[in-house]
Amino acid sequence: MRFKQDVIIRPVVSEKSYGQMDEANRYTFIVHPSANKTEIKQAVEEIWGVRVAKVNTLNRKGKTKRFGLVMGKRRDEKRAMVTLVEGDSIDIFSGGL
């Protein structure tokens, strides 16, 4: 059992994620690679005090990149798109994490 703060690593700050916040009340987070949907739902509800309607997850493989003469690889990450119940919202920049 992990602490709730260890499940959610950080929010995703991108143009697409901002659009989903406004239109679909959906928030995107980078989460621990072994976290499941139930743990993610419980962590979001406990940290921010909101009700979660749905959780979707996806695993993103890191790109292979060249760093000078050396081939390297960016880290793999797991993302969670959390849809909240209508009327609830999260202020990501308030320092909740």
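In case you missed it, the structure is sitting above this.
All residue numbers here refer to positions counted from 1 along the written sequence of the relevant chain. In view of the model being predicted, local features appear only for residues whose pLDDT reaches at least 70, and side-chain atom pairs are presented and counted only at 80 or more, with totals across whole chains, interfaces and linings using the full set of residues. With hydrogens and water excluded, all non-hydrogen atoms of the structure serve as input to the side-chain values.

**Comments concerning the overall build of the protein chain**
Okay, step 1: Strands here mean DSSP runs of E at least two residues long; helices mean DSSP runs of H or I at least four residues long; both are numbered from the N terminus. The number of helices and strands found in the protein chain is three helices and six strands.
Okay, step 2: Element order for the protein chain, N to C, with α for helix and β for strand: α-β-α-β-α-β-β-β-β.
Okay, step 3: Dimensions of the protein chain, computed from the C-alpha atoms along their principal axes, are close to 50 × 35 × 25 Å.
Okay, step 4: Taking the contacts inside the protein chain whose residues are at least 6 apart along the sequence as the reference set, 62% of them involve residues at least 24 apart. Here, two residues are considered to be in contact whenever any of their heavy atoms come within 4.5 Å of each other.

**Brief notes about the environment of G49**
Okay, step 1: Structurally, the position occupied by G49 is in the loop between α3 (37-48) and β3 (52-60).
Okay, step 2: Burial status follows relative accessibility: with a 1.4 Å probe on protein chains alone, a residue under 20% of its type maximum counts as buried, one over 50% as exposed, and anything between as partly exposed. With relative accessibility at 61%, the residue G49 sits in the exposed group.
Okay, step 3: In this structure the C-alpha to C-alpha distance between G49 and Y27, which are 22 residues apart in sequence, comes to 14 Å.

**Some remarks on unusual backbone geometry**
Okay, step 1: In this structure, N25 is a non-glycine residue whose phi angle is positive, near 55°.
Okay, step 2: Structurally, N25 is set in the loop between α2 (15-24) and β2 (26-31).
Okay, step 3: Assessed through its relative accessible area of 13%, N25 is described here as buried.

**Concerning the pattern of salt bridges**
Okay, step 1: One speaks of a salt bridge when a side-chain nitrogen belonging to Lys or Arg is within 4 Å of a carboxyl oxygen belonging to Asp or Glu. For the structure on display, the rule yields four salt bridges.
Okay, step 2: With its nearest N and O atoms 3.3 Å apart, the salt bridge here joins R51 to D88. Residue R51 is found in the loop between α3 and β3, and its partner D88 is found in the segment after β6 (77-84); the two are separated by 37 residues along the sequence.
Okay, step 3: A residue is classified by how much of its surface remains accessible, and R51, at 48% relative accessible area, is partly exposed.
Okay, step 4: D88 gets classed as buried once you look at its relative accessible area, which sits at 18%.
Okay, step 5: R79 serves as the salt-bridge partner of E77, at 3.0 Å between the closest nitrogen and oxygen.

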